[in-house]
Amino acid sequence: MSDDAPTYAALRDGALMVLFANGDPGAARVLTARLLPRALSHAARVLGDRAEAEDIAQEAMLRLWRAAADWAQDGPAAPATWLYRVVANLCTDRLRKSGQSTLTDEADRHSDTRPSVEAQMIAGDRMAALDAALALLPERQRQAVVLRHIEGLSNPEIAMILDLGVEAVESLTARGKRALSAALSDKKEALGYDS
Amino acid sequence: MTVERDEEQLDQLLQSARAAVTVPDTLVARVLADAARVQATMQAAPPPPRKGPGWLAEIRAALGGWPGLSGVTLAGVAGLALGIFAPDLVDGLSGGQIGVWTGDLGSLPEIGLLWEEGSDV
């Protein structure tokens, strides 16, 4: 692949999808290197379970490969956006099956009454604390916060992924971030932040 | 601590989370194996059925393709030329049958008149 790396690097994900459909083996490697970390990160932060996140990421990538045959290079959705959407839906399904997606936005307004995340976090482990705090958010809010503030997507992209309006996404991310801040506010010393 | 400071620290935590996920090689291998399997299926799949030949192509094929179609056309043109330029020959070859059928008007009497020089027709 090293000989072809410069060529692949110049190609957008959509073009690589077409190459993949045409039998190019290198396209799969490049797409995997570009998209799998995002899918895994998204799923891991939303589910809070690494093994399940790996299964979701693999399943989402499998669906991406299968979609390649009918992929329109200049279609409305970029492969990364398409993949985020698949991951979001798979995570939603997984959380519903496990009964962890019953929280509503209304319930979130009373999140101050929820148990402290302190018992759930490992002292000094910021990522564990973040995951614990994220787990307290309603599923849609969690998805929006992860996509906006961890994956770095724009609000219109998130709106497309979650099938929401842009204003709804702005509301979800703002409330989610406030909730995260509140959940972590008492843990600053344990996390090594200035208090 | 100010609200801004809290916000800044939360942003730092979220940004560090972005880089925190590392993809295990085993997962990469599983994903690439899936890709190879799907790709092999795509390559092995039969091409989509082509649209059938049109009715002109079917007629051409029934006549033996282009060579057959050329022969039929040539025979038709030759017959038409004979009928126009030597109608009596055709009538003779038919044993006078054409004259009987047409009431001795010939095969194309009106057209024959058109070729007569000085005709007012």
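Please read all numbers here as calculations on a predicted model, not as lab measurements.

Conventions adopted
Residues numbered from 1 in each chain as written. Chains lettered and ligands numbered in written order. Predicted model: local features only at pLDDT ≥ 70, side-chain atom pairs only at ≥ 80, totals over all residues. Heavy atoms only, no water. Helix = DSSP H or I, 4+ residues; strand = E, 2+ residues; numbered from the N terminus. Buried < 20%, exposed > 50% of the residue type's maximum accessible area, 1.4 Å probe, protein only. Areas by Shrake-Rupley, 256 points an atom, 1.4 Å probe, with all protein chains shown as cover. Contact = heavy atoms within 4.5 Å. Buried area = accessible area lost by both parts, 1.4 Å probe. Salt bridge = Lys/Arg side-chain N within 4 Å of Asp/Glu carboxyl O. Phe/Tyr/Trp six-rings, centres within 6.5 Å; stacked < 30°, edge-to-face > 60°. Polar contact = N/O pair within 3.5 Å; in protein donor to acceptor, adjacent residues only side chain to side chain. Core = buried A, V, L, I, M, F, W, Y, C linked by side-chain atoms within 4.5 Å. pLDDT = per-residue confidence, 0-100. Axes fitted to C-alpha atoms, helices over the stretch in contact; angles between N-to-C directions. Parallel < 35°, antiparallel > 145°, perpendicular 65-115°, else oblique. Left-handed = near helix turned anticlockwise from the far one by under 90°. Nonpolar A, V, L, I, M, F, W, Y, C, P; charged D, E, K, R; others polar.

J.: Run through the overall build of chain B, naming residues and quoting values.
T.: The secondary structure content of chain B amounts to 7 helices and 0 strands. Buried residues in chain B amount to 16% of all 121 residues. For chain B, the accessible surface area stands at approximately 8900 Å², while carbon and sulfur atoms represent 65% of it.

J.: Requested: an account of the overall build of chain A, with residues and values cited.
T.: Scanning chain A from terminus to terminus reveals 10 helices and 0 strands. Each helix (α) and strand (β) of chain A, taken in turn from the N terminus, gives the series α-α-α-α-α-α-α-α-α-α. In chain A, the share of contacts with a sequence separation of at least 24, taken over all contacts with a separation of at least 6, comes to 63%. Taken as a whole, chain A presents about 9100 Å² of accessible surface, with 48% of it coming from carbon and sulfur.

J.: So what's going on with the interface of chain B and chain A? Residues and values would help.
T.: Each side of the interface is counted separately: chain B has 30 residues, and chain A has 39 residues. Buried area between chain B and chain A, summed over both chains or domains, comes out near 3000 Å², and the portion from carbon and sulfur atoms is 66%. Along the contact surface separating chain B from chain A lie 4 salt bridges. Note that A:Glu54 is salt-bridged to B:Arg30, the shortest N-O span being 3.8 Å.

J.: Which residues make up unusual backbone geometry, and what are the values?
T.: Residue and element names in this part refer to chain A. One non-glycine residue, aspartate 163, adopts positive backbone phi at about 60°. Summarising the element assignment, aspartate 163 is placed in the loop between α9 (155-162) and α10 (166-184). A relative accessible area of 57% means that aspartate 163 is categorised as exposed.

J.: Tell me about the environment of A:Asp163, and please be specific about residues and values.
T.: Between the C-alpha atom of A:Asp163 and that of A:Arg85, which follows or precedes it by 78 residues, the distance is 8.7 Å. What A:Asp163 contacts, discounting residues up to four positions off in sequence, is A:Arg85 and A:Ile158.

J.: I'd like a rundown of the packing of aromatic side chains, residues and numbers included.
T.: Residue and element names in this part refer to chain A. Counting across every chain of the model gives 2 aromatic pairs over all chains. Relative to tryptophan 82, the ring of tryptophan 71 lies with its centre 5.8 Å away and its plane at 80°, an arrangement referred to as edge-to-face. Residue tryptophan 71 is found in the loop between α4 (50-67) and α5 (79-97), and its partner tryptophan 82 is found in helix α5; the two are separated by 11 residues along the sequence. On the basis of relative accessibility, which here comes to 26%, the residue tryptophan 82 falls in the partly exposed class.

J.: Which residues make up the pattern of salt bridges, and what values do they have?
T.: Following the criterion strictly, the structure yields 11 salt bridges over all chains and no others. Of the charged contacts in the structure, one is a salt bridge between A:Glu52 and A:Arg94, with a shortest N-O distance of 3.9 Å. Within this pair, whereas A:Glu52 is found in helix α4, its partner A:Arg94 is found in helix α5, the two being separated by 42 residues in sequence. Of the residues examined, A:Arg94 reaches a relative accessible area of 27% and is grouped as partly exposed. A salt bridge links A:Lys177 to B:Asp11; the nearest nitrogen and oxygen atoms lie 2.5 Å apart. Within this pair, whereas A:Lys177 is found in helix α10, its partner B:Asp11 is found in helix α1 (residues 3-20), the two belonging to separate chains. For A:Lys177, a relative accessible area of 12% puts it in the buried group. A network of salt bridges, in which partner residues are shared, links A:Arg50, A:Glu54, A:Asp55 and B:Arg30.

J.: I'd like a rundown of the side chain of A:Arg45, residues and numbers included.
T.: Assignment of secondary structure puts A:Arg45 in helix α3 (residues 25-47). Within polar-contact distance, the side chain of A:Arg45 engages the side chain of A:Asp131 at 2.6 Å. A:Arg45 has contacts with A:Met127, A:Asp131, A:Leu134, A:Arg142, A:Val146, A:Ile150, B:Ala17, B:Ala20 and B:Val21, leaving out every residue within four places of it along the chain.

J.: How would you explain the nonpolar core if you had to name every residue and give the values?
T.: All names here are of chain A. Within the largest apolar cluster, 59 residues are counted, with the highest numbers of intra-cluster contacts made by Phe20, Met61, Trp65, Leu130, Leu134 and Leu180. In terms of residue count, the dominant contributor to this core is α3 (12 residues). Core analysis: the second largest hydrophobic core is formed by 11 residues, Tyr84, Leu147, Leu162 and Val169 among them.

J.: For the environment of A:Ala78, give the residues involved together with the corresponding values.
T.: Considering the arrangement of structural elements, one finds A:Ala78 in the loop between α4 and α5. Once the C-alpha coordinates of A:Ala78 and A:Gly14 are considered, the two residues, 64 residues apart in sequence, prove to be 6.5 Å apart.

J.: If you had to explain the confidence of the model for chain B to someone new, which residues and values would you point to?
T.: If pLDDT is low for a region, its predicted coordinates should not be looked at in detail. On average, residues of chain B carry a pLDDT of 74, and 64% of them reach 70 or more. Looking over chain B, one finds the lowest element-wise mean pLDDT in helix α7 (residues 109-114) of chain B, namely 58, and the highest in helix α2 (residues 25-44) of chain B, namely 94.

J.: Can you break down the packing of α4(A) against α2(B) residue by residue, with the values?
T.: Between α4(A) and α2(B), the least distance of the axes is 9 Å, while the angle of their chain directions is 25°. The orientation of α4(A) relative to α2(B) falls into the category roughly parallel. Seen from above, α4(A) lies across α2(B) with right-handed handedness. Counted together, A:Glu54, A:Asp55, A:Gln58, A:Met61, A:Leu62, A:Trp65 and A:Arg66 of α4(A) and B:Leu27, B:Arg30, B:Val31, B:Asp34, B:Ala35, B:Val38 and B:Met42 of α2(B) form the full contact between these two elements. Here the contact of α4(A) with α2(B) is composed, by residue class, of 8 nonpolar, 1 polar and 5 charged.

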